[in-house]
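# Survey of secondary and tertiary structure
The lines below spell out each chain.
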Amino acid sequence: MAGDKVSIHGSWASRWVFILAATGSAVGLGSIWKFPYMTGVYGGGAFVLMFLLCIALLGLPVMLAETLIGRRSRQSPANALRELALEAAHSHRWSWAAFAGMITALLILSFYSVVGGWSLDYIVDLGRGDFQGIGAEQAGRYFADMVSDPWRLILWHTLFMLLSAWVIARGVVAGLERSLRIMMPLLFVLLLILLGYSLTTGHFMAGVHFMFNLDTSRLLDGLLPAMGHAFFSLSVGVGSILIYGAYMPKNSSIAGTVVAVALLDTFVSLLAGLALFPIVFSAGLNASEGPGLMFVTLPLAFGNVAFGQLMGVVFFVLVAVAAWSSAISLLEPMVAYLVERTKVSRLWVTAALAFICWFVGLGTVFSFNIWKEAKFFVTEGGAFQLYQWGAAGGLDVFGVIDFFTSRIMLPLGALTFVVFASWVMGREAVRDELAMRNATLFAVTFFLMRYVAPLGILIVFAAQLLK
Ligand code: TRP
């Protein structure tokens, strides 16, 4: 019987631990670092609205799909898709999607670890008091100096990767719970304190206005980025949530749990935006500044309030923990797969994969310094060039990896998972696994999975191509 399988990697002690782990995966740099800077780049309210719509209509159904696929099969993504497809008399080739997902996860982790390293660096900088009484211009220079030094970035990138690999090597189920139980709630409290600071800047309403004022002319601009980021933020599209679902106890309700995780994740993103943008405006910074946004604004807050030094250290420790618990979920699908498939031990599998990610991550490290001028996909003066050194437009190596993973691979992965659950496994399997008491609610949920999410994803792609 499909419902009675057990996972060889262990399982969560309770539904509560699944919530903790899935929230740990979802809440991370995506909410605190990426969401605010993308909101800035894509024009505020229009992006936020699209992001929220994508979370609700596309992200949630996909997250449900991934969780239930995982729990039904109790295996890593590739084996899960293979086995469930065969059970439903479909092609085993569905598992190829999971391989694409693993590679995507690896690529995401490569830059994720670099940025996680920035937060480690800031823990030390804040602790030393580097930001005491700092002004906006100095904060900007501080960040620029940090990223211009490849060795400094490599040091922290390496440390971050080692920390993540260490937990994975010991097994996720054992390692995560202890660390997250205290850290996640604390992160929340610190964000609220930051929000309190933003209220005192006198520009709080400017921040609110920026985030929620709708500029309809920019709606289409941010649509694909918003969709990609909705999946990124919820950790769906590569099998992270699938593998966590595989460790979920049988008797817990998937739907309620998944909705709780998505709400928490969205809430943290909005909170981070509301905390950051007032600081941006009061300091006269540029909202569309890009990946440095959080690392330039927060020192201003922590450098200029009582106990800022201590709070800053605590805050960046929590950001690092949030990033670390997300990084783990990026590596786990592939580790679990190789542990299932080969005779190599978990330790060595983890070490090898972490090394590959680390190595690819050097590309992101160099994007901010020695390869800063290397630009891809340049369209200057109407002419397209694949690569040009020193072009004004185009994407750097980090930009290329981010674009390829978030805007192309995550939506495709998400599409595959949701189609797999609703079309291949089918209504009865989904009904059995979700076990919702309310029939109408199930009908709506299934409709979202079967039609709204797949068509929605395709429409966003089409809209982008036609633009
Ligand atoms: N969701 C995490 C964040 O917002 C990052 C993450 C973890 C992720 N697992 C993922 C993104 C899987 C995409 C796919 O920081």
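This is a predicted model, so every value here is computed, not measured.

So, on to the packing of helix H9 (residues 204-212) against helix H12 (residues 254-282). In the contact formed by H9 and H12, the axes pass within 7 Å of each other and the chain directions differ by 125 degrees. In terms of orientation, H9 and H12 fall into the oblique class. Crossing hand, H9 versus H12: right-handed. Every residue of H12 that contacts H9 at Phe204, Ala206, Gly207, Val208, Phe210, Met211 and Phe212 is listed here: Leu270, Gly273, Leu274, Phe277, Pro278 and Phe281.

What follows covers the site of the ligand. Close to the ligand lie 17 residues, the nearest being Ala26, Gly30, Tyr112, Phe232 and Ser235. Here an oxygen atom of the ligand sits 2.8 Å away from a polar atom, N or O, in the main chain of Gly30. In this structure, an oxygen atom belonging to the ligand sits 2.4 Å away from a side-chain N or O atom of Tyr112. In the complex, 100% of the free accessible area of the ligand, which totals 360 Å², lies under the protein chains. Those elements that provide at least two residues to the shell around the ligand are helix H1 (15-26), helix H2 (29-41), helix H5 (95-128), helix H10 (223-234) and helix H14 (308-341). A per-class count over the shell around the ligand returns eight nonpolar, nine polar and no charged.

The contact between H5 and helix H6 (residues 136-147) brings their axes to 12 Å, and the two run at 130 degrees. Here H5 is positioned oblique relative to H6, judged by the angle of their axes. Handedness of the H5/H6 crossing: right-handed. Taken together, the residues of H6 that come into contact with H5 (itself represented by Trp118, Asp121, Tyr122, Asp125 and Arg128) are Tyr142, Phe143, Met146 and Val147. Tallied by class, residues from the contact of H5 with H6 come to six nonpolar, no polar and three charged.

Okay, the packing of aromatic side chains next. Scanning the model with the defined rule gives 37 aromatic pairs in all. Ring geometry for Phe35 versus Phe47: centroids 6.3 Å apart, planes at 40 degrees, classification tilted. Of the two residues, Phe35 is situated in helix H2 and Phe47 in helix H3 (residues 45-73); the sequence distance between them amounts to 12 residues. Summarising the burial analysis for this pair, Phe35 and Phe47 share the class buried. Taken together, a centroid distance of 6.1 Å and an interplanar angle of 90 degrees make the contact between Tyr122 and Tyr142 edge-to-face. Taken together, the positions of Tyr122 in helix H5 and Tyr142 in helix H6 put the pair 20 residues apart, joining distant regions of the chain. Here Tyr122 falls in the buried class, since its relative accessible area comes to 0%. Here Lys34 stacks its cationic end above the ring of Phe232, 4.2 Å away from the centre of that ring. Taking NZ or CZ as reference, Arg450 lies 3.7 Å from the ring centre of Trp423, over its face.

The next subject is the side chain of Thr201. Of note, Thr201 is situated in the loop between helix H8 (172-200) and H9. Thr201 gets classed as buried once you look at its relative accessible area, which sits at 16%. Within the structure, the side chain of Thr201 is placed 3.2 Å from the backbone nitrogen of His203, a separation counted as a polar contact. Setting aside anything within four residues of it in sequence, one finds Thr201 in contact with Pro278 and Ser282.

Bringing H3 into the picture now. An ideal rise of 1.5 Å per residue puts 42 Å on 29 residues; H3 measures up with 40 Å between its terminal C-alpha atoms. Along H3, the sharpest change in direction is near 40 degrees and occurs at Ile55. Within H3, 23 of the 29 residues are buried, which leaves it mostly tucked inside the rest of the structure. Arg74 sits one or two positions beyond H3 and adopts a positive phi of about 60 degrees.

This part is about helix H4 (residues 77-87). Residues three or four positions apart in an α-helix share a direction because the helix packs 3.6 residues into each turn. Every buried residue of H4 is listed here: Pro77, Ala78, Asn79, Ala80, Leu81, Leu84 and Ala85. Considering only its buried residues, H4 is in contact with H3, H5, helix H11 (240-246), H14 and helix H16 (397-434). Directly after H4, the chain includes Ala89, whose backbone phi takes a positive value near 60 degrees.

Its place among the elements puts Thr364 in helix H15 (residues 346-367). Filtering out sequence-adjacent residues up to four positions away, Thr364 remains in contact with Phe111, Val114, Phe398 and Ile401.

This paragraph deals with the pairing of strand S1 (residues 374-380). Where S1 meets strand S2 (residues 383-389), six bridges bridge the pair, whose relative direction is antiparallel. Among the inter-strand pairings, Glu380 is bridged to a residue of S2, identified as Ala383. Counting the residues in the hairpin turn of S1 and S2 gives two residues, including Gly381, whose phi is positive at 55 degrees.

What counts and what doesn't
Residues numbered from 1 in each chain as written. Predicted model: local features only at pLDDT ≥ 70, side-chain atom pairs only at ≥ 80, totals over all residues. Heavy atoms only, no water. Axes fitted to C-alpha atoms, helices over the stretch in contact; angles between N-to-C directions. Helix = DSSP H or I, 4+ residues; strand = E, 2+ residues; numbered from the N terminus. Parallel < 35°, antiparallel > 145°, perpendicular 65-115°, else oblique. Left-handed = near helix turned anticlockwise from the far one by under 90°. Contact = heavy atoms within 4.5 Å. Near = heavy atom within 4 Å. Polar contact = N/O pair within 3.5 Å; in protein donor to acceptor, adjacent residues only side chain to side chain. Areas by Shrake-Rupley, 256 points an atom, 1.4 Å probe, with all protein chains shown as cover. Nonpolar A, V, L, I, M, F, W, Y, C, P; charged D, E, K, R; others polar. Phe/Tyr/Trp six-rings, centres within 6.5 Å; stacked < 30°, edge-to-face > 60°. Buried < 20%, exposed > 50% of the residue type's maximum accessible area, 1.4 Å probe, protein only. Lys NZ or Arg CZ within 6 Å of the ring centre and 35° of its normal. Expected span 1.5 Å × (residues − 1). Bend = angle between axes of the 7 residues up to and from the residue. Pairing = 2+ DSSP bridges.

Any link to function would need more than the numbers given here.
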